[in-house]
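Survey of secondary and tertiary structure
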Amino acid sequence: KYSSFIRKLNRWGFRQVVAKSSPDSGAFQHELFLRDQPDLARDMSCKKTGSVRGINHAKRRQNALESLEVSLGVRGHAMAAAADASALLPD
């Protein structure tokens, strides 16, 4: 499907040309994907997609940290409380 292909291009770092005055408007470009320079493409990398579980875990960790800071009255000391908050959450 077209939308899946677009998502894949975005994961590889391609960006759509949006300048209306450009003849390439609507095309996709990447600084390392250039005609007659195939060696540059070796430096391209595909970005990992974030899993829903990982995002939820990070959000829960942040919420626990904020709750801990409020209950202990140590606002602004997130680094010191991070170890305590991490110990409260399962991996």
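Residues numbered from 1 in each chain as written. Predicted model: local features only at pLDDT ≥ 70, side-chain atom pairs only at ≥ 80, totals over all residues. Heavy atoms only, no water.

Glancing now at the environment of Phe 14. For Phe 14, the position within the fold is in the loop between helix H1 (2–11) and strand S1 (15–16). In this view, Phe 14 contacts Leu 9, Phe 28, Gln 29, His 30, Phe 33 and Met 44; residues no more than four positions away in its chain are not counted. (Helix = DSSP H or I, 4+ residues; strand = E, 2+ residues; numbered from the N terminus. Contact = heavy atoms within 4.5 Å.)

One pass over the structure, following the stated rule, counts 1 salt bridge. A salt bridge links Arg 42 to Asp 39; the shortest N-O distance between them is 3.1 Å. Neither Arg 42 nor Asp 39 differs from the other in exposure class; each is exposed. (Salt bridge = Lys/Arg side-chain N within 4 Å of Asp/Glu carboxyl O. Buried < 20%, exposed > 50% of the residue type's maximum accessible area, 1.4 Å probe, protein only.)

We note that Asp 36 has phi near 65°; this positive angle belongs to a residue other than glycine. Positionally, Asp 36 belongs in the loop between strand S2 (28–29) and helix H2 (52–72).

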